[in-house]
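For reference, the chains in residue letters:
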Amino acid sequence: MKSHILVVEDEAKLAQFVKMELEFENYEVTVATEGFGGLSVAREVKPDLILLDWMLPGISGLEICRRLRQTGDKVPIILLTAKDEVSDRVTGLDAGADDYVIKPFSIEELLARIRASLRREQEEDLDLLQFSDLTLNRSTREVFRGKRSIELTAKEFDLLEYLIAHPRQVLTRDQILERVWGYDFMGDSNIIEVYVRYLRLKLEEDKENRLIQTVRGVGYVLRE
């Protein structure tokens, strides 16, 4: 599937040139020419990446960055600007931009920056596992139920990771023991039940609905 890029740029010739080059590289492209329109399109179409001019009619690219980040939007943003002072770069990055390209730029450099940003985003997506309102990040080993952060031990995390990686799939006790504790585990045979209980206490601390279901005589499944 094509990646969708939103170009927010008020210089018509530059916007058209960038759009043409991106489409030649097989990207889907939408163009907005002023700040409020760019912000509206960003929220409506949910692009995979935004190329954002700093100076725009209406509201600035910097303000668009800030507003998107304030609402939790994590779309990769590359700022396009003639401002080349270090302090300007810092300001742009602090506002939420992921990268910064100084005008005039070569299209080859811009395309390389786009590929790098999309690649990072795809890699991060592989680390993020979600089911219902439960989110697990393999890279940071963070777990959230909605917006509530949940602290897990290493083994609790490993068990939850295995379950959330196989949603709605019934996992047998033997499968869980082998994957989470190792095929040569010789400990207490009730270890899975103990850790499932630990997880349920933490995941349901605020009276949330149960996600880890018991399949009697077989094992466990993550489902609503």
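These numbers come from a predicted model, not from an experiment.

1. What to know about helix H7 (residues 173-181)
Then, number 1: By the burial criterion, the buried members of H7 are Ile176, Leu177, Val180 and Trp181. End-on view of H7: buried residues confined to an arc of 100°, all on one side of the axis. Exposed and facing more than 90 degrees away from the buried side of H7 are Asp174 and Glu178.
Then, number 2: Tucked inside the fold, the buried residues of H7 contact helix H6 (154-164), strand E10 (171-172), helix H8 (191-203) and strand E12 (219-222).
Then, number 3: Two residues or fewer past H7, Gly182 is found with a positive phi of approximately 100°.

2. With respect to the UniProt feature "domain: Response regulatory" (unreviewed entry) in the protein
Then, number 1: As annotated in UniProt, the feature "domain: Response regulatory" (unreviewed entry) corresponds to residues 4-118 in the numbering used here.
Then, number 2: Helix makes up 48% of residues 4-118 and strand 21%, whereas the separation of the span's terminal C-alpha atoms amounts to 10 Å.

3. Focus: the pattern of salt bridges
Then, number 1: Counted according to the given criterion, the structure contains 17 salt bridges.
Then, number 2: Across the pair Glu204 and Arg210 runs a salt bridge, and its minimum N-O distance is 2.9 Å.
Then, number 3: Linked through salt bridges whose partners overlap, the residues forming this network are Glu9, Glu11, Asp53 and Lys103.

Parameters and conventions
- Residues numbered from 1 in each chain as written.
- Predicted model: local features only at pLDDT ≥ 70, side-chain atom pairs only at ≥ 80, totals over all residues.
- Heavy atoms only, no water.
- Buried < 20%, exposed > 50% of the residue type's maximum accessible area, 1.4 Å probe, protein only.
- Helix = DSSP H or I, 4+ residues; strand = E, 2+ residues; numbered from the N terminus.
- Arc of directions from axis to C-beta.
- Contact = heavy atoms within 4.5 Å.
- UniProt positions renumbered as here; feature names shortened; annotations may be inferred.
- Salt bridge = Lys/Arg side-chain N within 4 Å of Asp/Glu carboxyl O.

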